[in-house]
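What the coordinates show
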Amino acid sequence: MLRWAVHLEGGPRRVNHAAVAVGHKVYSFGGYCSGEDYETLRQIDVHVFNAVSLRWMKLPPFRSERRDQSPQVPYMRYGHTAVLVDDAIYVWGGRNDTEGACNVLYAFDIHSHSWSTPKVHGPIPGARDGHSACALGKSMFIFGGYEQLADCFSNDIHRLDTVTMTWTLVNAKGNPARWRDFHSATVLGGRMYVFGGRADRFGPFHSNNEIYCNRIKVFDTGDQTTGSTHPPPSCCPKGRRSHSAFAYNSELYIFGGYNARLDRHFNDLWKYNPETATWRKVEPKGKGPCPRRRQCCCMVGDKIILFGGTSPCPEQGMGDEFNLMDHSDLYILDFSPSLKTLCKLAVIQYSLDQSALPHDIRWELTAMTTNSNISRPIFSSHG
């Protein structure tokens, strides 16, 4: 019974950030918020969400013991990626309005919460933002994005071997994917499924002739082949960029995003079955997020944690590109809600008498209703 089970407000207000799930916690790195100062160079912020206590915590700034001038800690940025390999989260790419785009690899230790810049070998990908990153085994795969130096969209695939810290430009066989940015790339098995993104009708350079493809492109990381795309079926999502994507039970899901040609933000949820190459629109129970883009989503167990992003201001309608409001909310999409969760939701929905409930459920119910209060920030000084 797929259900939007929790809605929280008052977390970090972030757009175009990057996040990774580690156990029952979600680590969120950087992003931006309208009205904040991005002229002053400062280190990236790290917020941690505890999916058990439903609390946010902001980590203190990292104090390096090194005395040299190496950029050990990434500066504040947006449009970057983060992946988890063993005990390290690798943050790569993204841009800042002052410094521009970046191609330095940063490693964040999940135990000590310390930053480092591993020494890498091989051809380093050009600085960019709006790319995708996937972790498979000990490797990180980078695809696409908008390259700053070339001033164009990319369709390159780069692989980082985190054992040898060596970058490789993948010479993929088959029909290459179209140049694009702000797409999604999701690993299912040994394959990377690329969906959506913003491209240009005439090639890699941006000529204001944007297109939003809704075909799936598949890259096999084993034999390094790119599968051909097929015309999308009649029932399928609209092309979009800045959406969310995740895998569950060997199927691909996408949520939200934006299409400039349609002048439309989305809050629909779609499921793609790679065996049958078919899409199906999914309608979860409960009230889900409003239409938005540039949010983050991470899987914790059977739950999807989705937070942040930006949407048109209500008085401006649902599609305006520039009159946007940034979100500090969080939603939990539960693929397998427990009986306890369903009971708590029923009590909230129907205002049932809580006195007959067991003490532990009454305590959790109090926490849930408190966390659902839109006026209260949900931060904690504890981990």
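Residues numbered from 1 in each chain as written. Predicted model: local features only at pLDDT ≥ 70, side-chain atom pairs only at ≥ 80, totals over all residues. Heavy atoms only, no water.

**Some thoughts on the sheet that holds strand 11 (residues 128–129)**
Each strand in a sheet pairs with its neighbour through backbone hydrogen bonds, running either in the same direction (parallel) or in the opposite one (antiparallel). With antiparallel pairing, three strands are arranged side by side in an open sheet as 11-14-15. A single partner strand is all that each edge strand has here, and the edge strands are strand 11 and strand 15 (152–153). Sheet topology note: the strand 11/strand 14 (residues 146–147) ladder contains two bridges and is antiparallel. Along strand 14, the bridge assignment pairs Asp 129 with Tyr 146. (Pairing = 2+ DSSP bridges. Helix = DSSP H or I, 4+ residues; strand = E, 2+ residues; numbered from the N terminus.)

**Things to note about the nonpolar core**
Ranked by size, the top nonpolar core spans 27 residues in total, and within it Tyr 27, Phe 29, Ile 89, Phe 108 and Trp 115 carry the most contacts. Elements with a contribution of two residues or more to this core: strand 2 (18–22), strand 3 (25–29), strand 4 (46–50), strand 6 (78–85), strand 7 (88–96) and strand 9 (106–109). Counting residues per element, this core draws most heavily on strand 2, at three residues. When residues no more than four places from it in sequence are discounted, the contact partners of Phe 108 are Tyr 27, Phe 29, Val 46, Leu 59, Asp 87, Ala 88, Ile 89, His 113, Ser 114 and Trp 115. If you look at the next biggest cluster of nonpolar residues, it comprises 16 residues, including Leu 8, Ala 19, Phe 49 and Leu 330. (Core = buried A, V, L, I, M, F, W, Y, C linked by side-chain atoms within 4.5 Å. Buried < 20%, exposed > 50% of the residue type's maximum accessible area, 1.4 Å probe, protein only. Contact = heavy atoms within 4.5 Å.)

**What to know about the sheet that holds strand 28 (residues 278–282)**
One open sheet accounts for four strands, arranged 25-26-27-28; its pairing is antiparallel. Every other strand in the sheet has two partners, leaving strand 25 (244–248) and strand 28 as the edge strands with one partner each. Mean inter-strand twist for the sheet, computed between neighbouring axes without regard to direction, equals 25 degrees. With five bridges joining them, strand 25 and strand 26 (residues 251–259) adopt antiparallel strand pairing. Each residue of the ladder has a partner; that of Phe 246, found in strand 26, is Tyr 253. (Axes fitted to C-alpha atoms, helices over the stretch in contact; angles between N-to-C directions.)

**As for the pattern of salt bridges**
As enumerated under the stated definition, the model contains 14 salt bridges in all. With a shortest N-O distance of 3.7 Å, Glu 147 and Arg 128 are connected by a salt bridge. Of this pair, Glu 147 sits in strand 14 while Arg 128 sits in strand 11, and the two are 19 residues apart along the sequence. Look at Glu 147 and you get buried, because its relative accessible area is 16%. (Salt bridge = Lys/Arg side-chain N within 4 Å of Asp/Glu carboxyl O.)

**Examining the side chain of Ser 311**
Tracing the sequence through the fold places Ser 311 in strand 31 (residues 310–312). Its relative accessible area of 2% is what places Ser 311 among the buried residues. At a separation of 2.4 Å, a polar atom in the side chain of Ser 311 contacts the main-chain carbonyl oxygen of Pro 291. Reaching out from Ser 311, the side chain makes a polar contact with the side chain of His 327 at a distance of 2.7 Å. Non-local contacts of Ser 311, meaning those with residues more than four positions away in its chain, are made with Cys 290, Pro 291, Arg 292, Asn 323, Leu 324, Met 325 and His 327. (Polar contact = N/O pair within 3.5 Å; in protein donor to acceptor, adjacent residues only side chain to side chain.)

**Things to note about unusual backbone geometry**
Even without a glycine there, the phi angle at Asp 86 is positive, about 55 degrees. For Asp 86, a relative accessible area of 52% corresponds to the exposed category. Phi is positive for Ala 277, close to 55 degrees, though the residue is something other than glycine. Positionally, Ala 277 belongs in the loop between strand 27 (264–273) and strand 28.

**Quick word on the environment of Tyr 272**
When you line up the elements, Tyr 272 lands in strand 27. Along the sequence, Tyr 272 and Ile 216 sit 56 residues apart, while their C-alpha atoms lie 9.4 Å from each other. Setting aside anything within four residues of it in sequence, one finds Tyr 272 in contact with Tyr 193, Ile 216, Glu 251, Leu 252, Ala 277, Thr 278 and Trp 279.

**A few points about the environment of Cys 134**
Its place among the elements puts Cys 134 in strand 12 (residues 132–136). Remark: the alpha-carbon pair of Cys 134 and Arg 159, spanning 25 residues in sequence, is separated by 9.6 Å. Those residues in contact with Cys 134 that sit more than four places away from it in its chain are Val 83, Ser 139, Met 140, Phe 141, Ala 185, Thr 186, Val 187 and Met 192.

**Some points on the pairing of strand 7**
With respect to burial, strand 7 is a largely interior element, eight of its nine residues being buried. The pairing of strand 6 with strand 7 spans seven bridges and is classified as antiparallel. By the bridge assignment, His 80 is partnered in strand 7 with Gly 93. Two strands pair when backbone bridges link them, and strand 7 and strand 9 are joined in this way by four bridges, in the antiparallel orientation. The residue bridging Val 91 from the neighbouring strand is Tyr 106, located in strand 9. Hairpin connection between strand 7 and strand 8 (residues 100–101): a loop of three residues separates the two successive antiparallel strands.

**Topic: the packing of aromatic side chains**
Applying the stated rule across the entire model yields 19 aromatic pairs. Judged by centre distance (6.0 Å) and plane angle (80 degrees), the rings of Trp 4 and Tyr 331 are edge-to-face. With Trp 4 in strand 1 (residues 3–8) and Tyr 331 in strand 33 (residues 330–334), this pair connects stretches of sequence that are 327 residues apart. Of the two residues examined, Trp 4 and Tyr 331, each falls in the buried class. Taken together, a centroid distance of 5.7 Å and an interplanar angle of 55 degrees make the contact between Trp 92 and Trp 167 tilted. Within this pair, whereas Trp 92 is found in strand 7, its partner Trp 167 is found in strand 17 (residues 166–169), the two being separated by 75 residues in sequence. (Phe/Tyr/Trp six-rings, centres within 6.5 Å; stacked < 30°, edge-to-face > 60°.)

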